[in-house]
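Listed below are the residues making up each chain.
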Amino acid sequence: FLNGFSQVSGNINYEQTVQFRDNHISVPVPNTSNFFLSIKGMANIKADNYVALFSLSQAGNTANEVDSLFNRRLNLVRSEINKLDSVDLFVDMVSFVPVYSYSIERKLFSKNTYNEIPDGFELKKNLHINYKNPSHLSKIISICANAEIYNLIRVDYTSSDIEKIKLVLM
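All values derive from a computational prediction rather than experimental measurement.

Rules used in this analysis
- Residues numbered from 1 in each chain as written.
- Predicted model: local features only at pLDDT ≥ 70, side-chain atom pairs only at ≥ 80, totals over all residues.
- Heavy atoms only, no water.
- Salt bridge = Lys/Arg side-chain N within 4 Å of Asp/Glu carboxyl O.
- Helix = DSSP H or I, 4+ residues; strand = E, 2+ residues; numbered from the N terminus.
- Buried < 20%, exposed > 50% of the residue type's maximum accessible area, 1.4 Å probe, protein only.
- Pairing = 2+ DSSP bridges.
- Axes fitted to C-alpha atoms, helices over the stretch in contact; angles between N-to-C directions.
- Contact = heavy atoms within 4.5 Å.
- Parallel < 35°, antiparallel > 145°, perpendicular 65-115°, else oblique.
- Left-handed = near helix turned anticlockwise from the far one by under 90°.
- Nonpolar A, V, L, I, M, F, W, Y, C, P; charged D, E, K, R; others polar.
- Core = buried A, V, L, I, M, F, W, Y, C linked by side-chain atoms within 4.5 Å.

Participant: Explain the pattern of salt bridges to me, and be specific about the residues and the numbers.
Facilitator: Considering all chains together, one arrives at three salt bridges under this definition. Of the charged contacts, one joins Glu163 and Lys166 as a salt bridge, the two residues approaching to 4.0 Å between their closest N and O atoms. On the criterion of helical spacing, the pair formed by Glu163 and Lys166 is a turn pair, its members being three residues apart in helix 3 (residues 162-169). Given the relative accessible area of 52%, Glu163 is considered exposed.

Participant: Help me get a handle on the sheet that holds strand 3 (residues 113-131), residues and values and all.
Facilitator: The four strands lie next to each other as 2-3-1-4, forming an open sheet whose pairing is antiparallel. Edge positions in the sheet fall to strand 2 (87-105) and strand 4 (151-158), since each has one partner strand and no second. Geometrically, the sheet is characterised by an average inter-axis angle of 20 degrees between neighbouring strands, direction not taken into account. In this sheet, strand 4 lies alongside strand 1 (residues 49-60) in antiparallel orientation, the contact comprising seven bridges. In the strand pairing of strand 4, Tyr50 is matched with Tyr157. Strand contacts of helix 1 (residues 63-81): strand 1, strand 2 and strand 3, with the helix running at about 150 degrees to strand 1, the strand carrying the most contacts. Running at roughly 150 degrees to strand 3, helix 2 (residues 136-146) makes contact with strand 1, strand 2, strand 3 and strand 4 of the sheet.

Participant: Can you break down the packing of helix 1 against helix 2 residue by residue, with the values?
Facilitator: Closest axis-to-axis distance for the helix 1/helix 2 pair is 9 Å, and the angle between their directions is 150 degrees. As the angle between them shows, helix 1 and helix 2 are arranged roughly antiparallel. Handedness of the helix 1/helix 2 crossing: right-handed. For the pair formed by helix 1 and helix 2, the contact residues are Leu76, Val77, Glu80 and Ile81 on the first element and Ile140, Ile143, Cys144 and Asn146 on the second. Its residues assigned to classes, the contact of helix 1 with helix 2 comprises six nonpolar, one polar and one charged.

Participant: Tell me about the nonpolar core, and name the residues and values.
Facilitator: Counting residues in each nonpolar core, the largest one holds 25 residues, and the members touching the most others are Phe54, Val77, Ile81, Ile129, Tyr131, Ile140 and Ile149. Of all the secondary structure elements, the ones that give two or more residues to this core are strand 1, helix 1, strand 2, strand 3, helix 2 and strand 4. A per-element tally of this core places helix 1 first, with five residues. With sequence-adjacent residues up to four places away left out, Ile149 is seen in contact with Phe54, Ser55, Leu56, Arg73, Val77, Leu127 and Cys144.

Below you can see the structure in the form of C-alpha cells.
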C-alpha cells in the first residue's frame, strides 16, 4: 500500500531559476553571552487560498484587431469564472509590442541586407485567478482551455493564519 501526495506547479518546473520566499522568524535569546542559535522550521498546514497564474498572448495585424481578439478570449473566461463561487479574476499587462518580419535586399557592395517590415502586434497579459476550493482548479483549466489559454505558469498556495503558525513555531 503506497500513499502519494502532490502539489500543482504548472510550467514553473521548466524554469532554471526557481526561487521561493524565505520566511525568517527572529526569536530573542534571553542570554547575554555570545551564544547564537539558528533554527529553521517547517509547518505542514492546509492552504485556504490559491492563485492560479496563466500567461496569455495574442497576435494580430493591427492594434485594434489584437485588442479585440484578446478581449473576446478574456470575456469568455470572465463570464465562465463568474459562475464559480469565491473565484476572482485579475489581469495584469506584460507587454504590447510590434512584430516584424524580414526581407532580404541585395545591394551592389553587400550580398545580403535584411530590412525589418512591420508585420503586426503582439499583446501579452497574465491572468491571476484567485480561488478558495482546490477542486475548482480543474474547472478553471477547462474554462481557460476553451478560450485557447493553455499556459498555466504556477499555482500559489497561501494561508490566512500564517502569523499564528509562526507564533506556534517560535
